[in-house]
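# Structural characterization, general
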Amino acid sequence: DVAAQPTLTLVPRDGTVIPATIVSTKMGHIFVLDRESGAPLFPIEERPVPASGVPGEKAWPTQPFPVLPPPLHPHSLTPEEAWGITEEDRSACREILESLSYSGIYTPPGLEKTLLYPGLASGINWGSAAADPERGILVVNVNRFPDWIKIFPHSQLEKESRGLPEEAAAINFQGTPYGMALNRIFSPSGLPCNPPPWGTLTAVDLASGEVLWESSLGTTR
């Protein structure tokens, strides 16, 4: 999911500079491409990802993963990693995560509640990234939130809408066989169930592809 507009900058390479287009995604991926040819300036691997269990749906078997820069958002969230400021919070978050279907990043939504991590508002979003062409540095704001998601036949919209929290949503998609319900995953205290930080500011060296530094960004509120 590419919500951020591309960033145009210059990437130092072998004593010269290459005009580059940088694509930042909600998965926390940074794709650094030659602006003229489209060729990747760092290796990209096609890796197997989970298949869909929804009748009639066939998810693509692989997705592209840049080798560098490293992902700026965690690619998994297990019940053992459930976070909370109290034991009640941790226990509740652990139970929620245990109840969700999840096979790692790019797990497709299914007919049962599925963990979506990174979530819909996670990774690099509308704000995109900022580049310093003189120093060859990319600075990125990253959100880290989990969601749950579920799809259902159109005929079950009323049933799926019943009992959802106020901040959740259940909608039908015209022209498709299914609707979708989703919500953030919060503890009883109203905080995310994944470990903080929930927002980061990260600097990437575009010459090497390495992370230079990362700091927490934002407030609990």
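Residues numbered from 1 in each chain as written. Predicted model: local features only at pLDDT ≥ 70, side-chain atom pairs only at ≥ 80, totals over all residues. Heavy atoms only, no water.

Turning next to the overall build of the protein. In terms of helices and strands, the protein carries 2 helices and 13 strands. Taken against the 2.2 N^0.38 rule, which gives 17 Å for 221 residues, the C-alpha radius of gyration of the protein at 19 Å falls within 12% of a compact globule. Here the protein holds 221 residues, and the buried ones make up 41% of them. Once local pairs closer than 6 in sequence are excluded, the contacts in the protein between residues at least 24 apart make up 57%. Taken as a whole, the protein presents about 11,800 Å² of accessible surface, with 55% of it coming from carbon and sulfur. Both charge centroids of the protein, one from 15 positive and one from 25 negative side chains, sit 4 Å from each other. (Helix = DSSP H or I, 4+ residues; strand = E, 2+ residues; numbered from the N terminus. Rg over C-alpha atoms; globule rule 2.2 N^0.38 Å. Buried < 20%, exposed > 50% of the residue type's maximum accessible area, 1.4 Å probe, protein only. Contact = heavy atoms within 4.5 Å. Areas by Shrake-Rupley, 256 points an atom, 1.4 Å probe, with all protein chains shown as cover. Lys, Arg positive; Asp, Glu negative; His and termini not counted. Charge placed at Lys NZ, Arg CZ, Asp CG, Glu CD.)

Turning our attention to the sheet that holds strand 1 (residues 7-13). Pairing is antiparallel across the open sheet formed by 3 strands, whose spatial order is 1-2-3. The sheet is open, and its two edges are formed by strand 1 and strand 3 (30-34), each paired on a single side. Pairwise comparison of adjacent strand axes, ignoring direction, gives a mean angle of 40° for this sheet. Note that strand 1 and strand 2 (residues 16-24) share 7 bridges and pair antiparallel. Within the sheet, the bridge partner assigned to arginine 13 lies in strand 2 and is threonine 16. (Pairing = 2+ DSSP bridges. Axes fitted to C-alpha atoms, helices over the stretch in contact; angles between N-to-C directions.)

In total, this model carries 6 salt bridges according to the counting rule given. Across the pair arginine 90 and glutamate 87 runs a salt bridge whose closest N-O atoms are separated by 3.2 Å. Within this pair, arginine 90 and its partner glutamate 87 are both found in helix 1 (residues 87-99), separated by 3 residues, close to a single helical turn. A relative accessible area of 28% means that arginine 90 is categorised as partly exposed. Linked through salt bridges whose partners overlap, the residues forming this network are Glu87, Arg90 and Arg94. (Salt bridge = Lys/Arg side-chain N within 4 Å of Asp/Glu carboxyl O.)

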